[in-house]
Structure formats: structure tokens, C-alpha cells
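# Examination of the molecular architecture
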Amino acid sequence: MSVEIREASILDLPAIEGIAGITAEAPQWSARIWERILQEPAAGRFVLLATSDGEILGFAVCMLIAGVAEIESIAVAGTHRRLGIGRKLLLAMMERVRSAAAEAIELEVRESNATAQAFYRTLGFIESGKRRGYYEHPREDAVMMTLEL
């Protein structure tokens, strides 16, 4: 399968909400929040999409402020997981924030999500702290991870 990475637009909102709605780890933002993110990229947030033959397979959301990029979410539709799509999204995001002169990328991941932590480590992220009680449903600590660029 050939996967392309592109910038999301407001026209992609239904597909993004569809993937987020069936992905527990994805942000469960309202349509209004998604609209604002997609219509105001200059506000520091951007969304990248992974597509194949016009089908949206996954997305990544990032906020870039003062030289630090924060990965807010990477979500891949269930049937397309474990095919390297999340890695492609993350690599494209890393390239984009490097070109914007970011000095580091940060993220949080559930403490119980060892698979995600291992994935980020393969790309050079290191554990940089914890946030107690960061997640809800269920309540759980977040492991903070950082990649210096």
C-alpha cells in the first residue's frame, strides 16, 4: 500500500472525527475545536494526514510554540495499525517542525502504554518526567517523553 502524508483541511473533518471517535487514545474534541484547529493553522497547531488512494488512514496533531513542538495525538484507523503509518506520520511531523526551527519535540503517553513508549524510543525519544493523574477514564499518570532536535 502506498501511503502519502499531507496537510489536513476543513474538508477532512468528517474522516478525522471518524478515526478519533473509534480510537480511545485520540483526543475526543468537539467539532468546533477541530474546526478551529483546521481553519487557524497560524495559531501554532497543524494536522497531518496519512492517505492511500484517497482514503484517510490516520492523523497527527502537533502544536508548535516558542521552538518546542508538542505532539498532541497520533491516531491510525484500527484496520491500518501496525503497518508503519504512525511512524510515517511522526517522521513527517518531525521534518516539519525541524524546518520551523523547533529545538525539541515533547509528548505525553499513558504510563501503561508500553507499546507507544517503545515506539517513541525507536525514534530517539527519552523519558523526561511524569505527570501524576494526567489522564482520566481511567485515571493514570502520563510519562513525558522528549526528543532534542
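Our subject is the structure that appears above.
What counts, and where the lines are drawn
- Residues numbered from 1 in each chain as written.
- Predicted model: local features only at pLDDT ≥ 70, side-chain atom pairs only at ≥ 80, totals over all residues.
- Heavy atoms only, no water.
- Helix = DSSP H or I, 4+ residues; strand = E, 2+ residues; numbered from the N terminus.
- Rg over C-alpha atoms; globule rule 2.2 N^0.38 Å.
- Buried < 20%, exposed > 50% of the residue type's maximum accessible area, 1.4 Å probe, protein only.
- Contact = heavy atoms within 4.5 Å.
- Areas by Shrake-Rupley, 256 points an atom, 1.4 Å probe, with all protein chains shown as cover.
- Lys, Arg positive; Asp, Glu negative; His and termini not counted.
- Charge placed at Lys NZ, Arg CZ, Asp CG, Glu CD.
- Pairing = 2+ DSSP bridges.
- Right-handed = clockwise from strand over helix to strand, strands pointing away.
- Axes fitted to C-alpha atoms, helices over the stretch in contact; angles between N-to-C directions.
- Arc of directions from axis to C-beta.
- Parallel < 35°, antiparallel > 145°, perpendicular 65-115°, else oblique.
- Left-handed = near helix turned anticlockwise from the far one by under 90°.
- Nonpolar A, V, L, I, M, F, W, Y, C, P; charged D, E, K, R; others polar.

For the protein, the count of helices and strands is 4 helices and 7 strands. The secondary structure elements of the protein, listed N-terminal to C-terminal, are β-α-α-β-β-β-α-β-α-β-β. A compact globule built from 149 residues would reach a C-alpha radius of gyration of about 15 Å, and the protein, at 15 Å, matches this within 12%. Put simply, the protein has 149 residues, and 44% of those count as buried. Partitioning the intrachain contacts of the protein with sequence separation of at least 6 by distance along the chain shows that 57% fall at a separation of at least 24. Carbon and sulfur atoms make up 51% of the accessible area of the protein, which amounts to about 8,100 Å² in all. Taken as two groups, the 16 positive and 21 negative side-chain charges of the protein have centres that lie 3 Å from each other.

The pairing of strand 3 (residues 55-65) with strand 4 (residues 68-76) spans 8 bridges and is antiparallel. Note on strand 4: the bridge partner recorded for Ile65 is Val68. Linking two consecutive strands that pair antiparallel, namely strand 3 and strand 4, is a turn of 2 residues; a positive phi of about 50° is found at Ala66 within it. Following the backbone out of strand 4, through helix 3 (residues 85-99) and into the adjacent parallel strand 5 (residues 104-110), one traces a crossover that is right-handed.

Here the focus is the sheet that holds strand 1 (residues 4-7). Each strand in a sheet pairs with another by means of backbone hydrogen bonds, the pair being arranged parallel or else antiparallel. On the basis of which strands lie adjacent, the open sheet formed by 7 strands has the order 1-2-3-4-5-7-6 and mixed pairing. At either margin of the open sheet sits one strand with a lone partner, and together these are strand 1 and strand 6 (126-135). Strand-to-strand twist across the sheet, computed as the mean angle between neighbouring axes with direction ignored, equals 30°. Judged from the 3 bridges that link them, strand 4 and strand 5 form a sheet pairing that is parallel.

Checked against the element boundaries, Ser73 lands in strand 4. Of the residues examined, Ser73 reaches a relative accessible area of 5% and is grouped as buried.

With that settled, the discussion passes to helix 1 (residues 13-21). For helix 1, the full list of buried residues reads Leu13, Ile16, Ile19 and Ala20. The arc that holds the buried residues of helix 1, viewed along the axis, is 130°, so those residues lie on one side. Those residues of helix 1 that are exposed and aimed more than 90 degrees away from the buried face are Pro14 and Gly21.

Interhelical geometry of helix 1 versus helix 2 (residues 31-39) gives an angle of 125° and a closest axis separation of 11 Å. By the angle class used here, helix 1 and helix 2 are oblique. Between helix 1 and helix 2 lies a crossing of right-handed hand. On helix 2, the residues touching Leu13, Ile16, Glu17 and Ala20 of helix 1 are Ala31, Trp34, Glu35 and Leu38. The residue inventory of the contact of helix 1 with helix 2, partitioned by class, reads 6 nonpolar, no polar and 2 charged.

Next up on the list: the packing of helix 3 against helix 4 (residues 114-122). Viewed as axis vectors pointing N to C, helix 3 and helix 4 meet at an angle of 50°, and their least axial separation amounts to 11 Å. Considering the angle they form, helix 3 stands oblique to helix 4. Between helix 3 and helix 4 the crossing geometry is right-handed. Mapping the contact onto sequence places Gly86, Arg87 and Leu90 in helix 3 and Phe119, Tyr120 and Thr122 in helix 4. Class assignment of the residues belonging to the contact of helix 3 with helix 4 gives a composition of 3 nonpolar, 2 polar and 1 charged.

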